[in-house]
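Close look at the chain arrangement
Take a look at the letters that make up each chain.
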Amino acid sequence: MGASLPPKEANLFKLIVKSYETKQYKKGLKAADAILKKFPDHGETLSMKGLTLNCMDRKSEAYELVRLGLKNDVKSHVCWHVYGLLYRSDREYREAIKCYRNALKRDPDNIEILRDLSLLQAQMRDLTGFVETRQQLLTLKPNHRMNWIGFAVAHHLNSNGAKAVEILEAYEGTLEDDYPPDNERCEHGEMLLYKISLLEECGFLERALEELHKKEPKIVDKLAYKEQEVSLLVKLGRLEEGANLYKVLLKMNSDNYRYYEGLQKCFGLYSENGNYSADEIDRLDALYKSLAEQYTWSSAVKRIPLDFLQGDKFREAAVNYIKPLLTKGVPSLFSDLSPLYDHPGKADILELLILELEHSIRTRYPDRTEKEPPSTLLWTLFFLAQHYDRRGQYDVALSKIDEAIQHTPTVIDLYSVKSRILKHAGDLVAAASFADEARCLDLADRYINSESVKRMLQADQVALAEKTVVLFTKDGDQHNNLHDMQCMWYELASGESYFRQGDLGRALKKFLAVEKHYADITEDQFDFHSYCLRKMTLRAYVEMLKFQDRLHSHAYFHKAAAGAIRCYLKLYDSPLNSPPEEEDNTSKTPSQKKKMKKQRKAERAKKEAEEKNEESSASGISKSGKRHLKPVDPDPYGEKLLQTEDPLSEASKYLKLLQKNSPDSLETHLLSFEVNMRKQRILLAFKAVKQLLRLDAENPDSHRCLIKFFHKVSSMAAPETDAEKLVWSVLEAERPYISQLQEKTLSEANKIFLGKHEDSLMHRVAVAEMLYTLDPTKKLEAVKLIEDSSNKVVPTNGALGPVMEWKLKDCIAVYKLLDKVLIDQDVALRWKVRCAGYFPYSTYFEGSRSSAVNNLLNNQDITTSVNGGTSHPEIKQSANSFIPNGKLEAFKNLAI
Amino acid sequence: MGSGREVAISLDGVRDKNVMQLKKLNTVLFPVRYNDKYYADALASGEFTKLAYYSDICVGSIACRLEKKEGGAIRVYIMTLGVLAPYRGLGIGTRLLNHVLDLCSKQNIPEIYLHVQTNNEDAINFYKKFGFEITETIKNYYTNIEPPDCFVLTKFITPSQGKK
């Protein structure tokens, strides 16, 4: 380094490097300038100066200098290394790898560069490269523990577990017998457990078990030891020993469901889908009865039998399970039992059982011989409310929860549940207002604060939600803070709300923020490549890498990407110059709309003012010496995002991620269909159709896409170019393989589809829409098909109670179709009136019991103050100031 | 845990974060809507205002105001004391009142008083059990309820000598 310089300057150069490592950038900069005064073209100095500037937030200068330095001394490994570091700091890992490789060409044994390279290769999953680099490092420095471990992990990641084991054993061969010293016992134990898990993964079960037993004294994590042992025993078919070990584990933690599952497996009594023969059920019953005697404190041992028991035995077990919990008052009881509602018949049994309990509490209540606490009735009503909510009987659910509230009006969960019932019933405004009431009862509870924010967003009260959510962020940091905390539920919910309200810019902003979080999470693994090897947390490290590999299949990412794609589709369909239309405003009068617009304007102005304030205060901090410069968002409303030239190619970016990570989601391919149809990418659209048919050919949307696709194709001009002809020939070859279309016209296929699903609303609607698409003169027929659908009571055996079959969400979709696609206001209105009858709480259809009609709640909503001044409607109704307050505060009504 | 059958009763202070609990109780217990001063006084009284929890459910409260008499002596005025109907008869009111009486004797506060409607015999008997006496009758104290008269119930507390 700095070899070409005279001694004085060479020393200065060393100073630059040292200053960079110790973050004394100003000092380094001075030294660099001193050298450059004499040798203005010295490449390595120029590079180092650039790297130093990069750390001082002078990016563009940095790149300029580093590139210049490299140009002046292209043979210097320092210059290449610096260039790589610069790219790495900007997360341009591929470019950085290239630079490192160039640096290594000049200096192949440079350990620092090799190590940096290996980290990048792990990050980018360049696994063969990773193995090579790790091998080189080990060859250069075989006395370093980390190099052995790194080489082994590299082979493991590169799917060569056996090799990894060999390396670890070779490493163990280098150790003394009394290894490890006391301060490294944990690390060594982790390494051994990692090796054994590798043996297990490779299928060397005997060897793994043998090794485990041999190394027992050296393994510190005793629980992991036992779990590993039991897993090996079961895999080796040594079930009796396995069962005994599981019992030992249960003694340590008798609420670990996985131990029970394992124990069942040892007894040959485990089935993935929970289906058991009568004989098996009896044996399971006996097993759990004996376990319950051993593990008296366990609640799992009492809960699990409810999953496999049936009929009377289920009933008996359920009573025994539920009764004490109602007496004790366990608010989560319903969520605990809610999976049982998917088992046929169990919802009915539970209903009868709880109603009986309710009855017996009420009738026995006055004499109190049973010593039942008064709260039991409350918790029973609370359970029943959630029960009826789950069964779709919202009116009963509401009457139960109201009774519970009357009984004990101070229990917060009651208001949360009431809010949830109202949401399910379709009254989002009332739901938001009750969630807010719950929030006000405990202003120190972040969970209920978040819940109420979510309800507000669902009711499109964005401004109120923003004010409420910041009650729990750090002062002054407000919205940035939510972003920094990766608060994704909030960003998704507000993105969806903006989307509903037609504010595509801000919707996109929120969706893309979530996408950014996922990129950050991927990025975050970087530090662990070196950290975990050093700390020997190898099992956790490898698991983390595997998690990262499927990170983007997470539901939140899926939602965000789908939301962004929808925004871009809408943007493409109605470009910016036409003002964004509000979609869900059927219930709003023009004057209300005006008001909303005004509100939004005012909101914007206020926000801008606030941001200015923040800005000035932020710069104030930086002046006072602290480096706390938050870059101000140059595009807070996403207006720049909206100005994209090509919304469809933006959409395609996110679509690719969905296709890669959520290939089994219908939605992925529906979006792919929409995007590619608009892009005229016929074959890609066709691929989407085929995927839809593969996943669910009977789905109404799959049917829609199929018909739409071939209808579009048939209406296109005859192919001219070679490429078009090629596309045509592919379609011609493929069409016969689509069973729905074999030797049929599209109309016929449509009819057949109807014949298969005549009783289903959504299928009829899809057929009607396609009828109209294929032949617009058949609009009346299409309308009739929809209106002739009948809403029946569902058969009760499953989770739902005796309720009508149609879902609110579907009926809203049908309304939109009538209104926007078939464009028939009279029919749409008829539909709305009809649905208002089915969904009396729906604000969308202005049902008779919804807050849209019942203005009470709307008014209340306006008076709700953010900091806890909300008042329940009942309070408002009670004549609040009918007596002058001064003396009356003394009024007493003592309760005994 | 103990015997397991006994349900725990506990007291907790009132703060701005949970003052809505007190408001909620008052709207159910009393036919009056209390003004902001009531809540300010209650919060200011510190330990003299408490919520009662029955197995973690808020079911009752006592709210007091500390008053300065001429000469600097302090006396306690009980603004409200109440327990939700289903939870009465479980000793929760007693627990709340005893808490305040204990505080008075610990802090050498000699006088504690309250107003009660003249026909509220249950309340009068309840307080008498704790050594309160009728010290005054105020005519037409209430404006919109019948009867409009009230008693003043007072308990004079001897300083905590003899008590531990």
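Residues numbered from 1 in each chain as written. Chains lettered and ligands numbered in written order. Predicted model: local features only at pLDDT ≥ 70, side-chain atom pairs only at ≥ 80, totals over all residues. Heavy atoms only, no water.

The next point concerns the overall build of chain A. Counting its regular elements, chain A contains 48 helices and zero strands. Within chain A, contacts between residues at least 6 apart in sequence are counted, and of these 60% link residues at least 24 apart. Accessible surface computed for chain A: about 44,600 Å², of which carbon and sulfur atoms make up 53%. (Helix = DSSP H or I, 4+ residues; strand = E, 2+ residues; numbered from the N terminus. Contact = heavy atoms within 4.5 Å. Areas by Shrake-Rupley, 256 points an atom, 1.4 Å probe, with all protein chains shown as cover.)

Let us look at the pairing of strand β5 (residues 111–117) of chain B. All names here are of chain B. For β5, a buried count of seven out of seven residues is recorded, marking the element as mostly surrounded by other parts of the structure. Here β5 shows no split at all, with E111, Y113, H115 and Q117 on one side and I112, L114 and V116 on the other all buried. Each parallel crossover has a hand, and the one from strand β4 (residues 74–83) via helix α3 (residues 92–106) to β5 is right-handed. Taken together, the seven bridges between β5 and strand β7 (residues 150–156) define a ladder with antiparallel strand orientation. When the sheet's bridge partners are listed, Q117 is paired in β7 with C150. (Buried < 20%, exposed > 50% of the residue type's maximum accessible area, 1.4 Å probe, protein only. Right-handed = clockwise from strand over helix to strand, strands pointing away. Pairing = 2+ DSSP bridges.)

Take the packing of aromatic side chains next. Residues and elements named next belong to chain A. For the structure on display, the rule yields 34 aromatic pairs over all chains. Judged by centre distance (4.8 Å) and plane angle (45°), the rings of Y83 and Y87 are tilted. Taken together, the residues span about one helical turn, with Y83 and Y87 both in helix α5 (residues 77–89) at a distance of four residues. Here Y83 and Y87 have matching classes, each one buried. (Phe/Tyr/Trp six-rings, centres within 6.5 Å; stacked < 30°, edge-to-face > 60°.)

To continue, consider the nonpolar core. Among soluble globular proteins, nonpolar side chains are generally buried collectively. Counting residues in each nonpolar core, the largest one holds 173 residues, and the members touching the most others are A:I322, B:L97 and B:F132. By residue number, the principal contributor to this core is helix α22 (residues 375–390) of chain A, which donates nine residues. The contact partners of A:I322, leaving out residues within four places of it in the chain, are A:L333, A:L337, A:L350, A:L353, A:I354 and A:L357. In this structure, A:A507, A:A560, A:C567 and A:L569 belong to the second largest nonpolar core, which totals 45 residues. (Core = buried A, V, L, I, M, F, W, Y, C linked by side-chain atoms within 4.5 Å.)

Turning our eyes to something else, we now look at unusual backbone geometry. The amide bond that connects A:Y179 to the next residue, A:P180, takes the cis arrangement and shows omega of 0°. Counting through the fold element by element, A:P180 comes out in the loop between α10 (161–173) and α11 (185–201). The step from B:E146 to B:P147 runs through a cis peptide bond, and the omega angle for that step is -15°. Locating B:P147 in the fold gives a position in the loop between β6 (133–138) and β7. In the Ramachandran plot, A:E743 falls in the positive-phi region, its phi being about 50° despite a non-glycine side chain. You can see A:E743 is positioned in the loop between α40 (722–734) and α41 (746–756).

Attention shifts here to the sheet that holds β7(B). All names here are of chain B. Judged by pairing direction, the sheet is mixed, and its seven strands sit side by side in the order β1-β2-β3-β4-β5-β7-β6 without closing on themselves. Edge positions in the sheet fall to β1 (9–13) and β6, since each of these pairs with one other strand and no more. Averaged over all adjacent pairs, the angle separating strand axes in this sheet is 25°, with direction ignored. The sheet strands contacting helix α1 (residues 19–29) are β2 (50–54), β3 (57–68) and β4, and the helix crosses β3 at an angle near 95°. The sheet strands contacting helix α2 (residues 36–44) are β3 and β4, and the helix crosses β3 at an angle near 85°. (Axes fitted to C-alpha atoms, helices over the stretch in contact; angles between N-to-C directions.)

On to the UniProt feature "repeat: TPR" (unreviewed entry) in chain A. UniProt marks residues 77–110 of chain A with the feature "repeat: TPR" (unreviewed entry), using the numbering shown here. Annotated as 79% helix and 0% strand, the span residues 77–110 of chain A places its first and last C-alpha atoms 9 Å apart. (UniProt positions renumbered as here; feature names shortened; annotations may be inferred.)

Overall, the prediction assigns chain B a mean pLDDT of 90, with 93% of residues at 70 or greater. Across chain B, β2(B) holds the top mean pLDDT of 97, while helix α4 (residues 121–129) of chain B sits lowest at 94. (pLDDT = per-residue confidence, 0-100.)

Our focus in this paragraph is the side chain of A:S662. With respect to the element layout, A:S662 can be found in the loop between α36 (647–661) and α37 (666–678). In this structure, A:S662 is in contact with A:S553, A:H558, A:L657 and A:T668, ignoring residues within four places of it in sequence.

Another aspect to go through is the packing of helix α26 (residues 446–458) of chain A against helix α29 (residues 488–500) of chain A. Residues and elements named next belong to chain A. Remark: α26 packs on α29, axes separated minimally by 8 Å, with the N-to-C direction vectors making an angle of 15°. One way to sum up the angle between α26 and α29 is to call them roughly parallel. Crossing geometry of α26 relative to α29 is assigned as left-handed. Where α26 abuts α29, its residues S450, V453, K454, L457 and Q458 lie against W489, Y490, A493, S494, S497 and R500. Its residues assigned to classes, the contact of α26 with α29 comprises five nonpolar, four polar and two charged. (Parallel < 35°, antiparallel > 145°, perpendicular 65-115°, else oblique. Left-handed = near helix turned anticlockwise from the far one by under 90°. Nonpolar A, V, L, I, M, F, W, Y, C, P; charged D, E, K, R; others polar.)

All names here are of chain A. Between its first and last C-alpha atoms helix α19 (residues 311–328) spans 26 Å; for 18 residues at 1.5 Å apiece the expected length is 26 Å, and the two agree. Along α19, the positions that sit buried rather than exposed are F314, A317, A318, V319, Y321, I322 and L326. Looking at the buried side of α19, the elements it contacts are α17 (300–303), α18 (305–308), α20 (333–337), α21 (346–364) and α22. Looking at the residues trailing α19, positive phi occurs at G329, about 85°. (Expected span 1.5 Å × (residues − 1).)

Residues and elements named next belong to chain A. On the secondary structure map, E211 appears in helix α12 (residues 205–214). A sequence separation of 18 residues divides E211 from L193, and the C-alpha atoms of the two residues are 9.7 Å apart. Excluding residues that lie within four positions of it along the chain, E211 makes contacts with E169, E172, K195, I196 and L199.

What follows covers helix α27 (residues 462–469) of chain A. With six of eight residues buried, α27(A) lies mostly within the body of the structure. Within the span of α27(A), buried status applies to A:V462, A:L464, A:A465, A:E466, A:T468 and A:V469.

All names here are of chain A. Where α27 meets α29, the axes come as close as 11 Å, and the angle between the chain directions of the two elements is 165°. Looking at the two axes, α27 sits roughly antiparallel to α29. In this structure, α27 meets α29 at a crossing whose hand is left-handed. Facing V462, E466 and V469 of α27, the residues of α29 in contact are Y490, S497 and Y498. Per-class residue counts for the contact of α27 with α29 are four nonpolar, one polar and one charged.

Time to look at a nonpolar patch on the surface. Residue and element names in this part refer to chain A. A surface patch of nonpolar side chains, about 240 Å² in accessible area, is lined by L223, V248 and M252. Mapping L223 onto the fold places it in helix α13 (residues 222–235). Judged by relative accessible area, which is 36%, L223 ranks as partly exposed. (Patch = residues over 30% accessible without salt bridge, like charges linked within 9 Å, V, L, I, M, F, W, Y side chains within 5 Å. Salt bridge = Lys/Arg side-chain N within 4 Å of Asp/Glu carboxyl O.)

Turning our attention to the pattern of salt bridges. Taken as a whole and assessed by the stated rule, the structure comprises 64 salt bridges over all chains. A salt bridge links A:E61 to A:R58, with the shortest nitrogen-to-oxygen separation between them at 2.9 Å. The partly exposed category is assigned to A:E61, whose relative accessible area is 33%. Note that A:K289 and A:D285 form a salt bridge whose closest N and O atoms lie 3.4 Å from each other. Linking A:K289 with A:D285, this pair stays in helix α16 (residues 278–294), spanning four residues, or about one helical turn. One continuous salt-bridge network, built from bridges that share partners, spans B:K37, B:D41, B:R65, B:E67, B:K69, B:R75 and B:E111.

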